[in-house]
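# Structural overview for review
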Amino acid sequence: MRHSNFLKGLWAVASFLLISVSGHAQFLRTSYFLDGSHFRQQLNPALAPERGYINFPVIGSFNATVNSSSFGLQDVIDIIDNSSQSDYFMSSDFINRLDASNRLNVNISTDILSAGWYKGQNFWSFNVGLRNDIGASIPRSMFELLNEMNGMDVNTIDWSNYNRNVGEESLNINSYVEIGVGFARNINSRLMVGGRVKGLLGVGNMKLEVSRMAVNTNLSGIPDPSSLNWNEVANNPEYAAQLANSINGSGRIEVAASLESSFKGLELNENENGYIDEIDFDGGKAGVAGYGAAIDLGASYKLLERLTVSASLLDLGFIRWGKGSTTVATAQTSDDLSFNFDQSMSYDERLAEVQRFADIVGSSEVLNSDLLHMKVDEGGAKARTTALTSTLALGAEYTVLGDWLTVGALYTARFVQPKTLNELTFSANFRPKSYLNAALSYSVLQGAGKTFGLAVKLGPLFVGTDYMFLGENTKNVNAYLGISIPLGKKKVKACQAD
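Residues numbered from 1 in each chain as written. Predicted model: local features only at pLDDT ≥ 70, side-chain atom pairs only at ≥ 80, totals over all residues. Heavy atoms only, no water.

Attention now moves to the overall build of the protein. If you tally the helices and strands in the protein, you get 8 helices and 23 strands. Each of the 498 residues in the protein was classed as buried or not, and the buried ones make up 52%. Pairs at least 24 apart in sequence give 72% of the contacts found in the protein among residues at least 6 apart. For the protein, the computed accessible surface area is about 21,500 Å², with 56% contributed by carbon and sulfur atoms. (Helix = DSSP H or I, 4+ residues; strand = E, 2+ residues; numbered from the N terminus. Buried < 20%, exposed > 50% of the residue type's maximum accessible area, 1.4 Å probe, protein only. Contact = heavy atoms within 4.5 Å. Areas by Shrake-Rupley, 256 points an atom, 1.4 Å probe, with all protein chains shown as cover.)

Put into structure tokens, the structure is as follows:
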């Protein structure tokens, strides 16, 4: 499939991964303290469930998450659509809601196959999962540039001394298949430890960074076309030359950007001038582009009769991407984007030169390929290594009423690009029956205290969310679906006090 819009081409790659290779961040914070749910092992491999399980393929463990510092869901849709008719960035309400740097992370995940079982006192688990992380950072200054330049021509903006410096932009995509084997065991009546070893098959990785984008002009002499005597312009060469020479000055666009891509089936296509303007991605040619390994580590300790603390480190690992699957592209300041006045040029020709400059700057695309002017570096491809998006989790749980009501606090730090996502979640957990568990949660950091969560396990069905959907301006939202078949008899609760 071919895409003339550079951003849509990149999003086509991301969409393919989200749909067919799914994503990372396969956990639900609200489930962390639910003893009856084995899904909490995804956040801490030491938290073994009461009995074994087999998850239904694909839908048995499915999670989708969107986190944003400024954008609502409708904003995200508008940015992706990014059509020439789009004018979402013209709204003062949209501009006023933006931060200096605006972060967006999208994650979706599923396990194709997964199961867990007890062998004596040891709990074993196995999974084949599909993981993907997409992270982007877009500065407010880019949307201000789009706002100022939207649909303009040489007469709709003051070019005499225009100066706009756009902050840094970035896009990161990481996708891989995970094959994992987990183990958990009670060391004694208070301490339980666990871990997971994972082999990784890299599907693709992309890193785009725009470190500098500046538009500067110093132009004079463009009169109002309605004030001109066009007969005199056509019939008086001396006047026409004088009018043409009145348009003078300079304009320049400075760009510094780099792109590293390791995907099978992806091609960066260049136009007749040698610049990338299209992305081709053939999903049928997708394959293994790299190999890696990772581990998860976790522990749970019953500190007091009613108080249990726990900690875990997830996805400590890397993927090595092959040279044959890697493409590198770069962009530096290009004189082709500047004003170019020749003394022999007529008034119309000079005006057209300024309009050419205006058309380049005035695109409605957040990632404007005409503005980036990136070129493939034929000699720059090489094997490269990338780290996984690791997660730190710290939890504390206190039993309030026997074994059926507890309260908990969970801190997580996901080291995503472009900025770490920190979250603190408080929850109340109800366990009236073995087949019925429920939890209510309140997360205070990502949603500025406006996010509530809910998780319910009813027999084999588990559904939950950390961030409820509250309309099109919702900045953080996720959903988790799990369906599993129980295996074996129930075990004594881990870390039961003497």
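With that settled, consider the environment of tryptophan 321. Assignment of secondary structure puts tryptophan 321 in strand E13 (residues 307–321). Spatially, the C-alpha atom of tryptophan 321 lies 6.7 Å from that of tyrosine 291, the residues being 30 residues apart in sequence. For tryptophan 321, the side chain forms a polar contact with the side chain of threonine 386, separated by 2.8 Å. (Polar contact = N/O pair within 3.5 Å; in protein donor to acceptor, adjacent residues only side chain to side chain.)

Let's shift gears to the packing of aromatic side chains. For the structure on display, the rule yields 11 aromatic pairs. Taking 5.9 Å as the distance between ring centres and 70 degrees as the angle between the ring planes, the aromatic pair formed by phenylalanine 71 and phenylalanine 143 counts as edge-to-face. Highlighted residues: phenylalanine 71 in the loop between strand E3 (61–68) and helix H2 (73–81) and phenylalanine 143 in helix H4 (residues 140–149), separated in sequence by 72 residues. Judged by relative accessible area, phenylalanine 71 falls into the buried class, the value being 1%. Among the aromatic residues, those joined into a cluster by ring pairs are Phe39, Phe462 and Tyr480. (Phe/Tyr/Trp six-rings, centres within 6.5 Å; stacked < 30°, edge-to-face > 60°.)

Before going further, it helps to examine the nonpolar core. Within the largest apolar cluster, 62 residues are counted, with the highest numbers of intra-cluster contacts made by Phe71, Phe143, Ile253 and Met374. Beyond its immediate sequence surroundings of up to four residues, isoleucine 253 is in contact with Ala214, Val215, Thr333, Ser334, Leu337, Ser338, Phe357, Ile360, Val361 and Leu371. Listed in part, the 8 residues of the second largest apolar core include Tyr32, Phe33, Leu43 and Leu314. (Core = buried A, V, L, I, M, F, W, Y, C linked by side-chain atoms within 4.5 Å.)

Let us now look at the pattern of salt bridges. Following the criterion strictly, the structure yields 20 salt bridges and no others. Between aspartate 35 and arginine 40 there is a salt bridge, with the nearest N and O atoms lying 2.8 Å from each other. By relative accessible area, which is 8% here, aspartate 35 ends up buried. In this structure, glutamate 144 engages arginine 164 in a salt bridge whose closest nitrogen and oxygen atoms are separated by 3.0 Å. In this pair, glutamate 144 is assigned in helix H4 and arginine 164 in strand E6 (residues 163–166), connecting sequence segments 20 residues apart. (Salt bridge = Lys/Arg side-chain N within 4 Å of Asp/Glu carboxyl O.)

A few words now on the pairing of strand E8 (residues 191–220). Bridge count between E6 and E8: 4 bridges; the pairing is antiparallel. Its bridge partner being in E8, asparagine 165 is matched across the sheet by alanine 214. Across 18 bridges, the pairing between strand E7 (residues 169–186) and E8 is antiparallel. Of the residues in E8, the one forming a bridge with valine 177 is leucine 201. A loop of 4 residues connects E7 with E8, the two strands running antiparallel in sequence. (Pairing = 2+ DSSP bridges.)

Once that is clear, we can look at helix H6 (residues 237–246). All buried positions along H6 are accounted for by Ala240, Leu243 and Ala244. An end-on view of H6 places all buried positions within 100 degrees of arc, on one side of the element. Exposed residues pointing more than 90 degrees away from the buried face of H6 are listed as Glu238 and Gln242. Check the buried side of H6 and you find it contacts helix H5 (230–235) and helix H7 (347–361). (Arc of directions from axis to C-beta.)

What follows concerns the pairing of strand E2 (residues 52–55). Examined bridge by bridge, E2 and strand E23 (residues 476–487) share 4 bridges and lie antiparallel to one another. Within the sheet, the bridge partner assigned to isoleucine 54 lies in E23 and is isoleucine 485. Bridge count for E2 against strand E4 (residues 101–119) is 2 bridges, and the pairing is antiparallel. Among the inter-strand pairings, isoleucine 54 is bridged to a residue of E4, identified as alanine 115.

Most peptide bonds take the trans form, and the phi angle of most residues other than glycine is negative. The backbone of aspartate 315 sits at a positive phi, close to 60 degrees, despite the residue not being glycine. In this fold, aspartate 315 is placed in strand E13. For histidine 373, which is not a glycine, the phi torsion comes out positive at approximately 50 degrees. As for its placement among the helices and strands, histidine 373 is situated in the loop between helix H8 (369–372) and strand E15 (375–376).

Note on placement: glycine 488 falls in the segment after E23. A sequence separation of 371 residues divides glycine 488 from tryptophan 117, and the C-alpha atoms of the two residues are 7.7 Å apart.

Here the protein shows a mean pLDDT of 83. Residues at 70 or above account for 89%. Within the protein, strand E1 (residues 2–3) has the poorest average pLDDT of any element, 38, and strand E12 (residues 290–302) the best, 97. (pLDDT = per-residue confidence, 0-100.)

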